[in-house]
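Observations on chain architecture
Here is what each chain is made of, one letter per residue.
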Amino acid sequence: MLKFVLFRLFQGLIVLVAIYAVTFFLVAATPGSPFSTERAIAPEILAQIEAFYGYDRPTSERFVTSLTNAVQGEFGPSAVYANRTVTQIIAESFPVSLLLGSLALVMALGIGIPAGILAAVKRNTWLDYVPMSVSMAGICLPTFVMGPLLALVFGLILNWLPAGGWFGPEFVILPTATLGLYYAAYFARLTRGGMLEMLNQDFVRTARAKGVKESTIVLKHCLKGGLIPAITFLGPALAGIISGSFVVETIFQVPGLGQWFVRAALNRDDFLVLGLTVLFATLIVIMNLLVDIAQVALNPRLKYD
């Protein structure tokens, strides 16, 4: 296992460097400048600003310097927000996005997995048709559609919850539901498929013939193998929750990293774009590693090779 983890971490490091390089050169090739303003800047002042941020040097030299600093965990100052570094912006906003993403993932797992198990156990009954129909509807409604609908119904029409802001526990519910319910639909269908495959195995029929309780069959013999498709989807789900949080945070005015990513792209804040990209890519690499370890733990036929 240690060899497997070290090898995957090495692969992840290569992926992060590749992502950083692609992002850097794409941003560098984008027309415009973070110092472009409506009012003209004196040439000598603009030259001093560009020299301070390193824009007076060749692109290849800037890439090597920025990559070296990124490896040390320092992405430099923001090119748009004065007197603030990228690290400071991330430290202030990341806890909000982490809380929102964690709650959404917990909601997705807490709703989707039990619904999938129930639908598989009660196959071809209303306990199967209703959750699967709801999950299909959830899959068809992306977050940028579900978010405004939830805000309209529960925030404006029923006036049960605040439709925007981040000032207390009640403000967390609608953004979390927008992200969590969408991925709960995927987990429900994947769990149902995995459980149905396990329930159709020969050892299940043998256990039933021996008089083993159905609850024991489901929880002890089938659950571990039936959850493998859902566990496999955790990596893509995390990536989707991270990218979807940009939209959700904008809709509900959540002060997380999503708003900074949008602002950085619009304002051409190169350093902030690079810092946020590396952060999100690192989270996904770590999550995929944990998912691979969980797959081997759930399925003894797999090995760490």
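Residues numbered from 1 in each chain as written. Predicted model: local features only at pLDDT ≥ 70, side-chain atom pairs only at ≥ 80, totals over all residues. Heavy atoms only, no water.

Some points on a nonpolar patch on the surface
Short version of the rule: The patches reported here contain residues having more than 30% relative accessible area and no salt bridge. Joining distances are 9 Å for like charges and 5 Å for nonpolar side chains (Val, Leu, Ile, Met, Phe, Trp, Tyr). Computed by Shrake-Rupley with a 1.4 Å probe, the accessible areas treat only the displayed protein chains as cover when residues are assessed. Note on definitions: salt bridges are taken to be side-chain nitrogens of Lys or Arg within 4 Å of carboxyl oxygens of Asp or Glu. Each helix corresponds to a stretch of at least 4 residues labelled H or I by DSSP, and each strand to a stretch of at least 2 residues labelled E; elements are numbered beginning at the N terminus. Residue burial is assigned from relative accessible area. The probe radius is 1.4 Å, only protein chains are included, and a residue is buried under 20% of its type maximum, exposed over 50%, and partly exposed in between.
Among the surface-exposed residues, Leu 152, Val 153, Leu 156, Ile 157, Leu 158 and Trp 160 lie close enough to one another that they form a single nonpolar patch of about 620 Å² accessible area. Checked against the element boundaries, Leu 158 lands in the loop between α6 (143-157) and α7 (173-199). Residue Leu 158 is classed as partly exposed on the basis of its relative accessible area, which comes to 37%.

Re the nonpolar core
Filter applied, for reference: To define a nonpolar core, start from buried Ala, Val, Leu, Ile, Met, Phe, Trp, Tyr and Cys residues and group those joined through side-chain atoms within 4.5 Å. Here, two residues are considered to be in contact whenever any of their heavy atoms come within 4.5 Å of each other.
Membership of the largest hydrophobic core comes to 74 residues, with the highest contact counts inside it found for Tyr 183, Phe 187, Leu 272 and Leu 276. Apart from the residues lying within four places of it in its own chain, the contact partners of Leu 276 are Ile 90, Leu 257, Trp 260 and Phe 261.

A look at helix α9 (residues 214-226)
What counts, and what does not: Multiplying one less than the number of residues by 1.5 Å gives the expected span of a helix. Consider a residue and the seven residues that end there alongside the seven that start there; fitting an axis to each set, the bend is the angle between those axes.
Helix length check: α9 (13 residues) gives 15 Å between terminal C-alpha atoms against 18 Å at 1.5 Å per residue, more than 12% under. At Lys 220, α9 shows its maximal bend, which comes to roughly 30°. For α9, the set of buried residues is Ile 217, Val 218, Cys 222, Gly 225 and Gly 226. If you follow the buried residues of α9, they end up packed against α4 (86-121), α7, α8 (202-209) and α10 (228-232).

With respect to the UniProt feature "transmembrane region" (unreviewed entry) in the protein
Put simply, the rule is: UniProt positions are given in the numbering used here, feature names are shortened, and annotations may be inferred rather than shown by experiment.
Here the UniProt feature "transmembrane region" (unreviewed entry) sits at residues 12-29, 98-121, 133-160, 166-188, 227-251 and 271-291. Measuring from the first to the last C-alpha atom of residues 12-29 gives 26 Å, for a span that is 100% helix and 0% strand. With 82% helix and 0% strand, residues 133-160 has its two end C-alpha atoms placed 26 Å apart.

What about the pattern of salt bridges?
This model, assessed by the stated rule, comprises five salt bridges. A salt bridge links Arg 205 to Asp 202, with the nearest nitrogen and oxygen atoms 2.2 Å apart. Linking Arg 205 with Asp 202, this pair stays in helix α8, spanning three residues, or about one helical turn. Note on Asp 202: relative accessible area 54%, which makes it exposed. Glu 214 serves as the salt-bridge partner of Arg 208, at 2.8 Å between the closest nitrogen and oxygen.

Quick word on the packing of aromatic side chains
This is how the line gets drawn: Stacked, tilted and edge-to-face pairs are distinguished by plane angle, under 30 degrees for stacked and over 60 for edge-to-face with tilted covering the rest, among Phe, Tyr and Trp rings (Trp via its six-membered ring) whose centres lie within 6.5 Å. The criterion is that NZ of a Lys, or CZ of an Arg, lies within 6 Å of the ring centre and within 35 degrees of the ring normal, and then a charge sits over that ring.
Taken as a whole, this structure holds 13 aromatic pairs when the rule is applied. Residues Tyr 186 and Phe 233 carry aromatic rings whose centres are separated by 5.4 Å and whose planes lie at 25° to one another, so their mutual orientation is stacked. With Tyr 186 in helix α7 and Phe 233 in the loop between α10 and α11 (234-251), the pair connects residues that are 47 residues apart, well separated along the chain. Classification of Tyr 186 by relative accessible area gives partly exposed; the value is 24%. Here Phe 233 falls in the buried class, since its relative accessible area comes to 16%. A ring pair is formed by Phe 261 and Phe 280, whose centres lie 5.9 Å apart and whose planes are at 10°; its orientation type is stacked. Residue Phe 261 is found in helix α12 (residues 257-267), and its partner Phe 280 is found in helix α13 (residues 270-298); the two are separated by 19 residues along the sequence. Take Phe 261 and Phe 280: they sit in the same class, and that class is buried. Here the aromatic cluster, defined as three or more aromatic residues joined through ring pairs, consists of Tyr 182, Tyr 183, Tyr 186, Phe 187 and Phe 233. Positioned above the aromatic ring of Trp 260, the side-chain terminus of Arg 263 is 5.0 Å from the ring centre.

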